[in-house]
Amino acid sequence: MNINLRKDSRKLHRWGSILIALPFLIVLLSGIFLQVKKEFDWIQPSSQTGSSVGASVSFDNVLTIAQSIPELDADKWTDIDRLDVRPDDGIIKIRGTNGWEAQIDSHTGEVLQVAQRRSDIIEAIHDGSWFHDKAKLWIFLPSAVVVAILWLTGIYLFFYPYFAKWQNRKKLKERKLKRRKKKKQQKKELVNSD
């Protein structure tokens, strides 16, 4: 088996790039949206501020408030994905399983904001689970491994010419040194023969 690291790295880099082009593009674009999610309310609603620090609303009251918000479509606790209690801001974020979020004052129970939260969908697209449960492990994970290999081959292909030039300079210096030694030796022999 003849292995040519430079040639094989180029092939691996070229075909690996084609193989992961679509999954990598999806991860890249969704990652851009996730990087700016707090800058755009369309992606993730901005956090409101409650009346005071701490929390005094009971969870029973939180469910009652959630039931009164039509967008959440929450009749029972299983319709609520999670609660995000932020005592420093004086709010409780109620995330419905349908992608909507309500922010309430953690003392008065007043509804401060109701908005759709798209960052969770974008995260699911980013990790591949939005497409199918197995896409995360069978498409996006192998794509990540291929990206790591592309990184390695890319680094190799980038630095190889510099390394080759360095090796050539080193060999050239050694040749020049050998020639000089050979000339000196020949001169010594000429001097000794006279």
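**Q** If you had to explain the environment of P45 to someone new, which residues and values would you point to?
**A** Examined against the element boundaries, P45 turns out to sit in the loop between α2 (21–35) and α3 (59–67). Spatially, the C-alpha atom of P45 lies 9.8 Å from that of W100, the residues being 55 residues apart in sequence. Contacts of P45, omitting those with residues within four sequence positions, involve K93, E101, Q103, Q113, A115, Q116 and R117.

**Q** Go over the sheet that holds strand β2 (residues 91–96), please, and point to the residues and values.
**A** Sheet architecture is open: four strands sit in the order β1-β2-β3-β4, paired in antiparallel fashion. If you trace the sheet from one side to the other, it starts and ends with β1 (80–86) and β4 (111–116), each paired once. On average, each strand axis in the sheet is tilted by 15° relative to the strand beside it, whichever way the strands run. Two elements, β1 and β2, share six bridges in a ladder whose sense is antiparallel. When the bridges of β2 are listed, I80 appears paired with G96. Across the sheet, α3 touches β1, β2, β3 (100–105) and β4, and the angle it forms with β1 is around 120°.

**Q** Give me the lowdown on the pairing of β2, citing residues and values where you can.
**A** With six of six residues buried, β2 is to be regarded as a mostly interior element. Residues I91, K93 and R95 point to one face of β2 and I92, I94 and G96 to the other, with burial holding for every one of them. Between β1 and β2, which follow one another and run antiparallel, lie four residues, and G90 among them has a positive phi close to 70°. Taking the residues that link successive antiparallel strands as the turn, the β2-β3 hairpin has three residues, and the phi of G99 there is positive, at about 95°.

**Q** Could you give an account of the packing of aromatic side chains, with specific residues and numbers?
**A** One pair of aromatic rings is described through two measures. These are the centre distance and the angle between the planes. If you walk through the whole model with that rule in mind, you get seven aromatic pairs. Seen from their ring centres, W130 and F131 are 5.1 Å apart, and the 85° between their planes marks the pair as edge-to-face. Both rings, one in F158 and one in Y162, keep their centres 5.7 Å apart while their planes meet at 55°; by these two values the pair is tilted. Of the two residues, F158 and Y162 are both situated in helix α5 (residues 135–193); the distance of four residues between them amounts to about one turn of the helix. Given a relative accessible area of 48%, F158 falls into the partly exposed group. Ring pairing ties together the aromatic residues W130, F131 and F140, which thus form one cluster.

Rules used in this analysis
- Residues numbered from 1 in each chain as written.
- Predicted model: local features only at pLDDT ≥ 70, side-chain atom pairs only at ≥ 80, totals over all residues.
- Heavy atoms only, no water.
- Helix = DSSP H or I, 4+ residues; strand = E, 2+ residues; numbered from the N terminus.
- Contact = heavy atoms within 4.5 Å.
- Pairing = 2+ DSSP bridges.
- Axes fitted to C-alpha atoms, helices over the stretch in contact; angles between N-to-C directions.
- Buried < 20%, exposed > 50% of the residue type's maximum accessible area, 1.4 Å probe, protein only.
- Phe/Tyr/Trp six-rings, centres within 6.5 Å; stacked < 30°, edge-to-face > 60°.

On their own, these measurements won't tell you what the molecule is for.
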